[in-house]
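Remarks on the overall topology
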Amino acid sequence: MAKAKSRYVCNNCGEDFPQMHGKCPACSSWGTLQEELIPAISTNTNFIISC
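In what follows, the accompanying structure is described. Every chain's residues receive numbers from 1 upward, in the order its sequence appears when written. This being a predicted model, a pLDDT of at least 70 is required before a residue's local features are given, and a value of 80 or more before pairs of side-chain atoms are given or counted; all residues contribute to the totals for chains, interfaces and linings. No hydrogens and no water enter the side-chain calculation; it runs on all heavy atoms of the structure.

A word on the environment of Tyr8. Helical segments are the DSSP runs of H or I of at least four residues, strand segments are the runs of E of at least two, and each set is numbered from the N terminus. You can see Tyr8 is positioned in strand β1 (residues 5-10). For the pair Tyr8 and Pro18, spaced 10 residues apart in sequence, the C-alpha to C-alpha distance is 6.2 Å. Those residues within four positions of Tyr8 in sequence are excluded, and the remaining contacts are Glu15, Asp16, Phe17, Pro18, Gln19, Met20, Leu33, Gln34 and Glu35. Contact criterion: two residues are considered in contact whenever any of their non-hydrogen atoms come within 4.5 Å of each other.

This is the structure in structure tokens:
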């Protein structure tokens, strides 16, 4: 199973970034970035679908 990834979204302007910053690079607001987990997508193709 793959590990979930994170992104950081600004509460003020809504921009998202792959890394945490103290200040939002887009709107220059301090302390507004919140971590959101991006669910991992399974790449397992070893399954059979029967009808």
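What follows continues from the structure just given.
Positive phi, close to 65 degrees, is recorded for Ser28, a residue that is not glycine. Following the sequence through the fold, Ser28 ends up in the loop between β2 (16-17) and β3 (33-38).

Any carboxyl oxygen of Asp or Glu that lies within 4 Å of a side-chain nitrogen of Lys or Arg is treated as forming a salt bridge with it. In total, this model carries one salt bridge according to the counting rule given. For the salt bridge of Glu36 with Arg7, the shortest nitrogen-to-oxygen distance reads 2.9 Å. In this pair, Glu36 sits in strand β3 while Arg7 sits in strand β1, placing the two residues 29 residues apart along the sequence. The class of Arg7 is partly exposed, set by a relative accessible area of 31%. To sort residues, take the accessible area from a 1.4 Å probe on protein chains only and compare it with the maximum for the residue type: under 20% means buried, over 50% means exposed, and anything in between is partly exposed.

Right, let's get into the nonpolar core. Here, nonpolar core refers to any group of buried Ala, Val, Leu, Ile, Met, Phe, Trp, Tyr and Cys residues whose side-chain atoms link them within 4.5 Å. Tyr8, Cys10, Phe17, Cys24 and Leu33 form the largest nonpolar core, which has five residues in total. In this view, Phe17 contacts Arg7, Tyr8, Cys24, Pro25, Ala26 and Leu33; residues no more than four positions away in its chain are not counted.

This brings us to the environment of Asn12. Mapped onto the elements of the fold, Asn12 is located in the loop between β1 and β2. On a C-alpha basis, the gap between Asn12 and Gly31 in space is 9.8 Å, while along the polypeptide they are 19 residues apart. Filtering out sequence-adjacent residues up to four positions away, Asn12 remains in contact with Cys27, Ser29 and Thr32. A distance of 2.9 Å separates a polar atom in the side chain of Asn12 from a polar atom in the side chain of Ser29. N or O atoms within 3.5 Å of each other form a polar contact, as long as, within protein, one can give a hydrogen and the other can take it, and as long as residues adjacent in sequence are counted only when both atoms are side-chain atoms.

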